[in-house]
Amino acid sequence: MIEYALQTENIKKEYIVSGGIFRGNKPLKAVNGVSLSIPKGSILGLVGESGCGKTTIAKLILGLEKKTSGKLYIGGKEISAMSNKQVARIIQPVFQDPYSSLNPRKSIAKIISLPLRAQGLANGAADIEKKVDDIMEIVGLAPRLKHNYPNQLSGGQRQRVAVARALIMRPEVVLCDEPTSALDVSVQAQILNMLLDLRAELNLTYLFISHDLAVVEHIATHVAVMYLGRIVEEGQAEDLFSNPSHPYTQALLASVLTPDPELGLPEIQLGIEYPNPIDPPSGCSFHPRCAKCQEKCSVLAPEPIVKDGKLVECHYPDNF
Amino acid sequence: MSALLEVKHLNVDLNLPAGMLHAVRDVSFSVQKGKTLSLVGESGCGKSMIALAIMGLLPPSGICHAEKIAFEGDDLLKMDEKKLSTFRGARMAMIFQEPMTSLDPCYTIGNQLVEALTEHKKVSAKEAKERAVFLLEKVGITGSSSRLKQYPHQLSGGLRQRIMIAMGLMCGPSLIIADEPTTALDVTIQAQIMELLSSIQQEFNMGMILITHDLGVVSRVADDVVIMYCGQVVETGNINEIFNNPIHPYTRGLMECIPVPGKTKPGEKLGSIPGIVPTPIGDLWGCSFRNRCSLAKQECATRGLELTKISDKRSFRCVIPPVETTE
């Protein structure tokens, strides 16, 4: 039996948004029934355009937002039966912007050791120091940086500090929300290589949120594609990238500009822009942008179909 | 044919409290009509400073020396501010990276577009509005007359970037400088905006300087490429030469460290350039890349400041002679 590090069951998150002074409030379904299962030791890449609800899922899993409905399991246990402290013991985040996610008034050693102190896991100052030294070595930070402050570090070094802080308690799951999009390409490669090394070394499970498909293809073992609060396609990374079934996945893949001067710019038939989530389209939420849209699509929302471990939510999927 | 824009031996220094920062060092290039030149490099390599120097928009601490910056035969360096402001926006336009911050939130889109034209040309407000509607349609914005009454916050990032492009085109410039025009956008929108920029460029036969760090974007739209590192040009060439036969170790490093679907193996290590970009403050000598270069030799610290020219367009700055790649 496969052991899952993290499972969500039909989770939903609704925000109530004001429609204007006299128009009353409207629900915004940021996450609209998402079920994900991440097997232990794997890397799930969660991709989608901005505003599709990727980061809301991250917040729900971390307990930073309360879900409206649905169930969330960590290591087989329901999350509502656990305290925030227990959740933090198992899941730790690495955020996008290393310039704002580190406290500028604390030294690097203080920042990295905070989870230990918050959880009361260390036996005295000497133990904390030893653990900080160990983790700094693992993530490739020079020991001399211990007493520096975040503003003295480069972007890549800061992101290493964020990773060190996440790993010091030896969590099982690391939730990376766009961990490399604020970095230069040469530094991005360093961080990606480090994340892959750490996974093997410490037997970690990653939930890797990104809008960069090339990065996700490189790092992920499983991929879930999100559109307007729902997972529209999910499967093994290799299979999903070589045989995309959902028209949205196909369009996303076609938009990736690989460095190849032989190819011109792709023609993408995603004419109109991303829909307003307060007022989602009827039927299949992707139908106004879909090149293969038919009559049925604008009326009836497709049900998820599962075959050979791959999930697609489309009336007319390809290669399926 | 003479070039649309010719930059010769451009140097930009920034007078900072920490010392003199040599942001741009001895950069020369030229842009032809209807062609795209791409300036590529990581953050801090001086590529945006070049754009600002051409537009005459350097920060107060910036000091610019150059042999010449010739634009359509006029030397921009010899112009006073008043003369330069008649060029800026009218004959050369700039599209900035952040569509979120480069539009004024207090004015409607229509106001801002119309002003861009009436500032420079004697046209009636009605004519200017007609041109704005025409250009909004060109950049793929439907229902343009109602869009003119909207404020920037009512539009999405992709739409705002299209508005920025339309604004740049209002006066029909002959040179457009696009500084990271798609970095803040989603991949799907990125491809659309680049497609739009290059088709408009072809249609109006404009020269374009595309500033970016994204080699994917560069490879699809540029004609010529200038790779920059630490304020210096490290390699130049046309697009096929640069991508098929990169010479400089930095260019090669850049190409190896991006994951490419179908080429790099998932889960395997990417090539990476160790270390970080140094800050070019104080006296500089030797090759700036030597501390991160796997091929660095002793002489890299002493020699290697000159560009070696192979052909008319192709040159590189490295003491290690070019190795023919087998690919």
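Residues numbered from 1 in each chain as written. Chains lettered and ligands numbered in written order. Predicted model: local features only at pLDDT ≥ 70, side-chain atom pairs only at ≥ 80, totals over all residues.

## A short note on the overall build of chain B
In step 1: Broken down by element type, chain B carries 10 helices and 13 strands.
In step 2: Its C-alpha atoms give chain B a radius of gyration of 21 Å, near enough to 20 Å, the size a compact globule of 327 residues would have.
In step 3: Counting only C-alpha atoms, chain B reaches 65 × 50 × 45 Å along its principal axes.
In step 4: Burial status across chain B gives 45% buried among its 327 residues.
In step 5: Across chain B, the fraction of contacts at a sequence separation of at least 24, relative to all contacts at a separation of at least 6, is 66%. (Helix = DSSP H or I, 4+ residues; strand = E, 2+ residues; numbered from the N terminus. Rg over C-alpha atoms; globule rule 2.2 N^0.38 Å. Buried ≥ 20, exposed ≤ 12 C-beta atoms within 10 Å, placed from the backbone. Contact = placed C-beta atoms within 7 Å.)

## Remarks on the nonpolar core
In step 1: The biggest cluster of nonpolar side chains holds 175 residues, and the ones touching the most others in it are A:A164, A:L207, A:F208 and A:V225.
In step 2: When residues of this core are assigned to their parent elements, the largest contribution, 7 residues, is made by helix α6 (residues 157–169) of chain B.
In step 3: Residues from two domains meet in this core; each of domain 1 (5–91 + 175–188 + 202–316) and domain 2 (97–170) of chain B gives at least three.
In step 4: When near neighbours in sequence (up to four residues on either side) are disregarded, A:V225 contacts A:V47, A:G48, A:I231, A:V232, A:E233, A:H246, A:Y248, A:T249 and A:L252. (Core = buried A, V, L, I, M, F, W, Y, C linked by C-beta atoms within 7 Å. Domains from an automatic or database assignment.)

## So, the interface of chain A and chain B
In step 1: Each partner contributes residues to the interface: chain A has 37 residues there, and chain B has 41 residues.
In step 2: Broken down by secondary-structure element, the contributors of at least two residues to the side of chain A that touches chain B are α6 (185–202), α7 (213–219), α8 (237–242) and α9 (247–255) of chain A.
In step 3: Considering each element in turn, the side of chain A that touches chain B owes the most residues, 7 residues, to α6(A).
In step 4: By residue class, the composition of the side of chain A that touches chain B is 21 nonpolar, 11 polar and 5 charged. (Nonpolar A, V, L, I, M, F, W, Y, C, P; charged D, E, K, R; others polar.)

## Concerning the sheet that holds strand β10 (residues 224–229) of chain B
Residues and elements named next belong to chain B.
In step 1: What the 8 strands build is an open sheet, ordered β7-β8-β9-β3-β10-β11-β13-β12; its pairing is mixed. Each end of this open sheet is capped by a strand with a single partner; those strands are β7 (92–95) and β12 (308–309).
In step 2: Note that strand β11 (residues 232–238) and strand β13 (residues 315–316) share 2 bridges and pair antiparallel. Bridge pairing links T236 to S315 in β13. (Pairing = 2+ DSSP bridges.)

## Comments concerning helix α3 (residues 109–118) of chain B
In step 1: Burial runs high along α3(B): 7 of the 10 residues are buried.
In step 2: Structurally, α3(B) contributes buried residues whose contacts are with α4 (125–138), α5 (144–147) and α6 of chain B.

Everything listed is a geometric property; what it means functionally is a separate question.
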